[in-house]
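Residue-level listing of the chains:
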Amino acid sequence: MATKRVPAPVAGKRKREESHPHASKTKRPAVGQEAKVTIKDAADASSKPSVLEHTTSTQPPARPGAILPINSETPASGTNGSSAPAPLASTVESHDGDIHLQLVTGSYERVLHGISARIPRKLLRMKPTLGQDAEGASTSANNAVKFSDTFLFAAHASSIRCLAISPSTESDKRYLATGSSDERINVYSISTAPSATGHQVDLPTLSSNLTTSENPRNRSLGSLIHHDRAITHLEFPAKGKLFSAAEDNTIAISRTRDWTVLSSIKAPIPKPQGRPSGDTAAPGETPAGVNDFAIHPSQKLMLSVGRGERCLRLWNLMTGKKAGVLNFDRSLLAQASEGKYSSGEGRQVLWTVAGDAYIVGFERGAAVFGIDSKPKALITPSPLTKLHQFRMVQSASDTGSGELVAISTEDGRILFFRVDATTPADGKDKLPRCTCIAQLGGAQAGIGGRIKDFEILSLQIESAPASPTLVVITASSDGVIRLWSAGEVGSGSAEGGAPQQVGSLLGTLETGSRITCLGAFVLDGKAVGNVMDEAEEAETGAMENSEGSGDE
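Because the structure is a prediction, the values reported are computed rather than measured. (Residues numbered from 1 in each chain as written. Predicted model: local features only at pLDDT ≥ 70, side-chain atom pairs only at ≥ 80, totals over all residues. Heavy atoms only, no water.)

Help me understand the overall build of the protein chain in this model?
The number of helices and strands found in the protein chain is six helices and 30 strands. Buried positions account for 56% of the 552 residues belonging to the protein chain. Per element, the accessible surface of the protein chain, about 23400 Å² overall, is 48% carbon and sulfur. (Helix = DSSP H or I, 4+ residues; strand = E, 2+ residues; numbered from the N terminus. Buried < 20%, exposed > 50% of the residue type's maximum accessible area, 1.4 Å probe, protein only. Areas by Shrake-Rupley, 256 points an atom, 1.4 Å probe, with all protein chains shown as cover.)

Below, the structure written as structure tokens:
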């Protein structure tokens, strides 16, 4: 499909010393210095507002461009699409009784694909069937879950590496940001309100059984070009700020009101320590770049891990300066399955929901650190395999105190580990291991492809005190999107040390693209007026004017 897109340049490149004067004058901490963090220190560290609190305006950008709309036949309902866990007490309401989700995927083929999924509420009320075969369930589930394209176009000049979706604004919209290897960040405004129903548009789709409809409220806001290398991670910690990291070793903070750069945090380039396996740095250059970052729930602290270095960095968002460096011990890396020829660099980092601990993910394992930056436990999949995406989720058990971390794997599983429950270690100097209480997918469900990214939405289908239902959306590298109903993960216990198989497949969609990233939220916005009525009135007025001029 060829759709004309009018870009609106939003922000040009700026010198880092102008965007953040402290970036080049920051004193580097001593090697081996450990970051000492407490929640009280984070709250009382400074009387100055953090970089997230400089502005809270949510006015829309002044110069929106036109976005390609391919549209969706959805009515609506919504939750947070970022990496933060979705709130458990979000009651879903819909005028037709169904749940409507907005899915967004990026791919190696440069395609940004928006999909709406309509899930009958009765499917979510059914108790998930444990160990259900994925292929057998998808045929019947697709008859109930309806997918439709909302937009589909080549958004970048190179592969899309990451995307982020902001919390909903007062105007019933969310910002969508996509990062690519072409060094650009594209920004869009996505409506959370239902599009007009009963209006089908004859547009090409990737699958013959998909429908398309148009939502003119979706718009392109332009591109941000303040990074010099490929974008690696994007996050909206608040609806007024966008954090972006790139392989140029910078983390930029942009304001969504006018998309200007408020600050730029510069991480030091690591010293050469040999070329890690699979590294793509240019000849003569040192592997560098921010792999991932995580913002504390207080929005005053930030953690980051980078390429080519075996350490974690702590940043004070009150001042924009480094607060400490934590080097990974060699024995810790060995216990986390980082062998002799592994890079030893952190691939993922995330805070727990309470903010009293954080998790650093490596290639085949992860480590849980306390607020004192001391390792508390290890996370290792069984059988051993590569780990890809990490998400925190609040346990739905009656005890209510446990937090779970969900991890996608190379062999098509979503593993749920309890952070606060461990099994004793074999040796005296070894760390205990977190308990895997449940798994979704995998060979038992007939799935063996790599799950590159996934999202977990917590939906309050029934009124309280009924427990919320977890809906898991997984995206595989082979282009398959699957919707799962996970029920109440954490309500049961693993028997005999084996994780419990949870979840039932609701629907499957073949996109035809090699998916790299995924975002999702519930469509729950309220439409301002009827877009279709306005379009019909405009068309009728144009016809009347033409007829009137012809009579004259």
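Just to check I follow, could you spell out the side chain of His-156 for this structure?
Structurally, His-156 can be placed in the loop between β3 (146–154) and β4 (160–165). A distance of 2.8 Å separates polar atoms of two side chains, one belonging to His-156 and the other to Thr-178. In terms of polar contacts, His-156 uses its side chain to reach the side chain of Asp-182, at 3.2 Å. For His-156, the contacting residues outside a window of four places in its chain are Arg-110, Thr-178, Gly-179, Ser-180, Asp-182, Arg-184 and Asn-186. (Polar contact = N/O pair within 3.5 Å; in protein donor to acceptor, adjacent residues only side chain to side chain. Contact = heavy atoms within 4.5 Å.)

What am I meant to see in the pairing of β4 here?
Consecutive side chains of a regular strand alternate in pointing toward one face of the sheet and then the other. Among the six residues of β4, five are classified as buried, and the element is accordingly described as predominantly covered. Two strands pair when backbone bridges link them, and β4 and strand β5 (residues 173–180) are joined in this way by five bridges, in the antiparallel orientation. Among the inter-strand pairings, Ile-165 is bridged to a residue of β5, identified as Leu-176. (Pairing = 2+ DSSP bridges.)

What am I meant to see in the sheet that holds strand β12 (residues 261–266) here?
Backbone hydrogen bonds hold the strands of a sheet together, and the pairing may be parallel or antiparallel. Strand order across the open sheet formed by four strands is β9-β10-β11-β12, with antiparallel pairing between neighbours. The open sheet is flanked by β9 (231–238) and β12, the only strands paired with a single partner. Sheet twist, expressed as the mean angle between neighbouring strand axes with direction ignored, is 15°. As paired strands, strand β10 (residues 241–246) and strand β11 (residues 250–255) are joined by five bridges and run antiparallel to one another. Looking at β11, one finds that Phe-243 is bridged to Ile-253. (Axes fitted to C-alpha atoms, helices over the stretch in contact; angles between N-to-C directions.)

Even after reading the chapter, I still don't get the pairing of strand β30 (residues 515–522), so can you show me in this structure?
Burial within β30 is extensive, with eight of its eight residues counted as buried. In terms of strand pairing, strand β1 (residues 98–107) meets β30 through seven bridges, oriented antiparallel. Pairing of Leu-103 across the sheet is with Ala-520, part of β30.

Help me out: how do you make sense of the pattern of salt bridges in this one?
Opposite charge on two side chains lets them pair, provided their charged atoms get close. Following the criterion strictly, the structure yields 13 salt bridges and no others. We note a salt bridge from Glu-247 to Arg-307, for which the minimum N-O separation is 3.4 Å. Of the two residues, Glu-247 sits in the loop between β10 and β11 while Arg-307 sits in the loop between β14 (301–306) and β15 (311–316), which places them 60 residues apart along the sequence. Its salt-bridge partner being Arg-364, residue Glu-363 comes within 3.6 Å of it at the nearest N-O pair. Judged by relative accessible area, which is 17%, Glu-363 ranks as buried. Classification of Arg-364 as partly exposed rests on a relative accessible area of 28%. (Salt bridge = Lys/Arg side-chain N within 4 Å of Asp/Glu carboxyl O.)

Sorry if this is basic, but what is going on with the nonpolar core here?
What tends to happen in soluble globular proteins is that the nonpolar side chains get buried as a cluster. Among the nonpolar cores identified, the biggest contains 24 residues, and Leu-101, Ile-119, Ile-473 and Leu-483 are the most heavily contacted of them. For this core, the secondary-structure elements that each account for two or more residues are β1, β2 (111–120), α3 (121–125), β25 (451–459), β26 (469–476), β27 (480–487), β29 (504–510) and β30. Considering each element in turn, this core owes the most residues, four residues, to β30. Among all residues touching Ile-473, those that are not within four sequence positions of it are Leu-101, Leu-103, Asp-453, Phe-454, Glu-455, Leu-457, Ile-481, Arg-482, Leu-483, Leu-518 and Ala-520. (Core = buried A, V, L, I, M, F, W, Y, C linked by side-chain atoms within 4.5 Å.)

I tried to follow unusual backbone geometry on my own but got confused; where do I start?
Along the chain, Ser-382 connects to Pro-383 via a cis peptide bond; the corresponding omega equals 0°. By the element assignment, Pro-383 lies in the loop between β20 (375–379) and β21 (387–394). We note that Trp-259 has phi near 60°; this positive angle belongs to a residue other than glycine. Within the fold, Trp-259 resides in the loop between β11 and β12. In this model, Ser-373 sits at a positive phi of 65°, which is unusual for a non-glycine residue. Among the secondary structure elements, Ser-373 is positioned in the loop between β19 (366–370) and β20. The class of Ser-373 is buried, set by a relative accessible area of 2%.

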